[in-house]
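# Notes for the structure review
So the chains spell out like this:
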Amino acid sequence: MAYDYDLFVIGAGSGGVRAARRAAMAGAKVAIAEEYRVGGTCVIRGCVPKKYMVYASEFGRMFEHAKGFGWSAENVEFDFASFMTTLHAEVDRLSGIYTRNLNNAGVDVHEERAEFLDAHTLRLTTSGKHITAEKILIATGGEPWMPPEIPGIEHAITSNEVFHLKSLPKSMVIAGGGFIAVEFAGVFAGLGVDTTLIYRGDTVLNGFDWDIRTHVHEELKRKGVRVVTQATITEIKEANASHEVTFSNGDTCDADVVLMALGRIPDTEGLGLELAGVHTDAKGAIEVDQYSKTNVDHIWAVGDVTNRMNLTPVAIREGQAFAESVFQNDPNFFTYDNVPTAVFTQPPVGTVGLSEEDARHKFGAIDIYKTTFRPMKDLLTGDEERVMMKLVVREEDQVVLGCHIVGPEAPEVIQAVAIAVKMGATKQDFDRTCALHPSIAEELVTMREKYIPPELA
């Protein structure tokens, strides 16, 4: 049978775009469909605009810090509308670059939703056009989850809509304790918004190293975020121009905006996967093997829609591995160990490798090296923010299994440290590395004493 395309990609986010371009550059006839905007979650409504919001929120603190260095900044004002205009202009520019790169690679771009009609046929829902493809890649990503059982949930927004607020709210309630929730709590508190974070657990950032979790949790409170734990939102009511939010512990809170940041789910609903015979798990994630192939021999999936490791760079590497394996005769797959991760809290988190808890569970005997200190820059400002650095080391061979940092520029530092951890560097390799002084990062190579918990000292 003659098909319209050698490859059709559903979803023009980071993973789908990388796969489409690579396949087209290898000589395949490729098309891609995107129902919203080319660029996907990261570029349009995720990490890129979010980090610009983080930058914006940090300036208030910087102006205060400047006084410690002799600067005077009076009558400082923040223009939210102006900032959002600039932010979206940059998002538009980046989306245009993604589209241009696809066009330059020879990929046909369809800016409309694609759904399966059968295992080789797709329907474009706006034009109604039917397209056939020999091979199909699903890269539709994820979407925010909203608990439908909460009365008044229609009054809340998600991380999609937060980038389209028309004005800066005076007050906000954020539900969740994951990285999206704590990042936006820091952003809006930094912009002067009365911010409440409500989380069903005891300590934010479940799944991260315990020292990261406790450090970030305390910094949220110190930065002015009201943190309510062991509670959830049970009802949202409109109250004049605001909302009355009821918590499961009986408390209530008024808020101009209620942001639900309770996690994301694979975006597979209505895609017609059942018509193609593609299997999904109980959460709706597409089941794939290590080469990103589904149970259907000519259909693959990459990125958040597979719910493996939901990070933009991982989706890119999965998309690249798919294209190399299928269209460049170079079978390979991405491995998920020692992937560096950042959380853009204030201060930010940088982490790579195993947490202390996971390392002890996997290997037993573990050495810990840990330090907390005030960064040099803050010694003239009076700010009590502290840096936390931690190395998790396997006792038997002294291999560094994990590195965890909370502090200024932690994401920048951890990218370099990840190279050493990925290569299997030992604690002695760290020790032999000369310190760069004065810097925050020098502490990584000057920690000599093993950490002993107070109860064992």
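Presented here is an overview of the structure given in this document.

### Remarks on the overall build of the protein chain
- Assigned secondary structure in the protein chain consists of twelve helices and 21 strands.
- Projected onto the principal axes, the alpha-carbon positions of the protein chain cover approximately 70 × 65 × 45 Å.
- Buried positions account for 51% of the 457 residues belonging to the protein chain.
- Look at the contacts in the protein chain between residues 6 or more apart in sequence, and 62% of them connect residues 24 or more apart.
- Summing over all exposed atoms, the protein chain offers an accessible surface of approximately 21500 Å²; the carbon and sulfur share of this is 50%.
- Measuring between centres, the 43 positive side-chain charges of the protein chain sit 4 Å from its 65 negative side-chain charges.

### Concerning the environment of Phe363
- For Phe363, the location among the structural elements is in helix α9 (residues 356–363).
- Its relative accessible area of 32% is what places Phe363 among the partly exposed residues.
- Along the primary structure Phe363 and Leu168 are separated by 195 residues, whereas in three dimensions their C-alpha atoms are 49 Å apart.
- In contact with Phe363, other than residues within four places in its own chain, are Leu354, Arg394 and Leu401.

### Side note on helix α8 (residues 312–327)
- The first and last C-alpha atoms of α8 sit 22 Å apart over 16 residues, in line with the 22 Å expected at 1.5 Å per residue.
- Where α8 is buried, its residues touch β1 (5–10), α1 (14–25), β6 (130–138) and β16 (299–301).
- At the exit of α8 stands Asn329, carrying a positive phi of roughly 55 degrees.

### Some remarks on the state of the cysteines
- As enumerated under the stated definition, the model contains one disulfide in all.
- Each disulfide pairs two cysteine sulfurs, and for Cys42 the partner residue is Cys47, the sulfurs being separated by 2.1 Å. Judged by the torsion about the S-S bond (-135 degrees), the Cys42/Cys47 disulfide is left-handed.
- Assessed through its relative accessible area of 13%, Cys42 is described here as buried.
- In this structure Cys403 is not part of a disulfide, and its nearest cysteine sulfur, from Cys434, lies 18 Å away.
- Relative accessible area serves as the criterion here: at 71%, Cys434 is assigned to the exposed category.

### Some thoughts on the side chain of Thr196
- By the secondary structure assignment, Thr196 is in strand β9 (residues 194–199).
- The contacts of Thr196, once residues within four sequence positions are left out, are Met172, Val173, Ile174, Arg226, Val228, Phe247 and Cys253.

### Thoughts on the sheet that holds strand β11 (residues 233–239)
- The three strands lie next to each other as β11-β12-β13, forming an open sheet whose pairing is antiparallel. Of all strands in the sheet, those with a lone pairing partner are β11 and β13 (252–255), marking the two edges. Strand-to-strand twist in this sheet, taken as the mean axis angle between neighbours without regard to direction, amounts to 25 degrees.
- Pairing of strand β12 (residues 242–247) with β13, which is carried by four bridges, proceeds in the antiparallel orientation.

### Side note on the packing of helix α3 (residues 47–66) against helix α5 (residues 179–190)
- It is the contact of α3 with α5, at a shortest axis distance of 8 Å, that shows an interaxial angle of 40 degrees. Considering the angle they form, α3 stands oblique to α5. Crossing hand, α3 versus α5: left-handed. Residues Lys50, Met53, Val54 and Ser57 of α3 form the contact with α5, whose own contacting residues are Glu183, Phe184, Gly186, Val187, Phe188 and Gly190.

### Things to note about the packing of α1 against α8
- At a closest axis distance of 7 Å, the pairing of α1 and α8 adopts a crossing angle of 25 degrees. One finds that α1 runs roughly parallel with respect to α8. Between α1 and α8 lies a crossing whose hand is right-handed. Residues Ser14, Gly15, Arg18, Ala19, Arg22 and Ala23 of α1 form the contact with α8, whose own contacting residues are Thr312, Ala315, Ile316, Gly319, Gln320, Phe322, Ala323, Glu324 and Phe327.
- Partitioning the contact of α1 with α8 into residue classes produces seven nonpolar, five polar and three charged.

### As for unusual backbone geometry
- At the junction of Gln346 and Pro347, the peptide bond is cis and its omega measures out at 5 degrees in the coordinates.
- Along the chain, the position of Pro347 falls in the loop between β17 (341–343) and β18 (349–353).
- Cis peptide bonds are those with omega within 30 degrees of zero, and the linkage from His437 to Pro438 qualifies with -10 degrees.
- Turning to its location among the elements, Pro438 is positioned in the loop between α11 (427–432) and α12 (443–446).
- One non-glycine residue, Asn75, adopts positive backbone phi at about 55 degrees.
- For Asn75, the position within the fold is in the loop between α3 and α4 (80–104).
- Non-glycine residue Asn307 carries a positive phi angle of around 55 degrees.
- Among the secondary structure elements, Asn307 is positioned in the loop between β16 and α8.

### Notes on the nonpolar core
- Grouped together as the largest cluster of nonpolar side chains are 45 residues, with contacts concentrated most on Ile174, Phe184, Phe188, Leu197 and Leu220.
- At eight residues, α5 tops the list of elements feeding residues into this core.
- Those residues in contact with Leu220, other than ones at most four positions away along the chain, are Val182, Ala185, Gly186, Leu197, Val204, Val225 and Val227.

### Focus: the packing of aromatic side chains
- The full count for this structure, using the stated rule, is ten aromatic pairs.
- Taken together, a centroid distance of 6.3 Å and an interplanar angle of 65 degrees make the contact between Tyr52 and Tyr55 edge-to-face. Here Tyr52 pairs with Tyr55, and both are found in helix α3, just three residues apart, close to one helical turn.
- Geometrically, the ring pair formed by Phe334 and Tyr336 is edge-to-face, given 5.0 Å between the ring centres and 90 degrees between the ring planes.
- A residue is classified by how much of its surface remains accessible, and Tyr336, at 28% relative accessible area, is partly exposed.

Quick notes on the rules
Residues numbered from 1 in each chain as written. Predicted model: local features only at pLDDT ≥ 70, side-chain atom pairs only at ≥ 80, totals over all residues. Heavy atoms only, no water. Helix = DSSP H or I, 4+ residues; strand = E, 2+ residues; numbered from the N terminus. Buried < 20%, exposed > 50% of the residue type's maximum accessible area, 1.4 Å probe, protein only. Contact = heavy atoms within 4.5 Å. Areas by Shrake-Rupley, 256 points an atom, 1.4 Å probe, with all protein chains shown as cover. Lys, Arg positive; Asp, Glu negative; His and termini not counted. Charge placed at Lys NZ, Arg CZ, Asp CG, Glu CD. Expected span 1.5 Å × (residues − 1). Disulfide = S-S within 2.5 Å. Pairing = 2+ DSSP bridges. Axes fitted to C-alpha atoms, helices over the stretch in contact; angles between N-to-C directions. Parallel < 35°, antiparallel > 145°, perpendicular 65-115°, else oblique. Left-handed = near helix turned anticlockwise from the far one by under 90°. Nonpolar A, V, L, I, M, F, W, Y, C, P; charged D, E, K, R; others polar. Core = buried A, V, L, I, M, F, W, Y, C linked by side-chain atoms within 4.5 Å. Phe/Tyr/Trp six-rings, centres within 6.5 Å; stacked < 30°, edge-to-face > 60°.

Geometric values such as these leave the question of function open.
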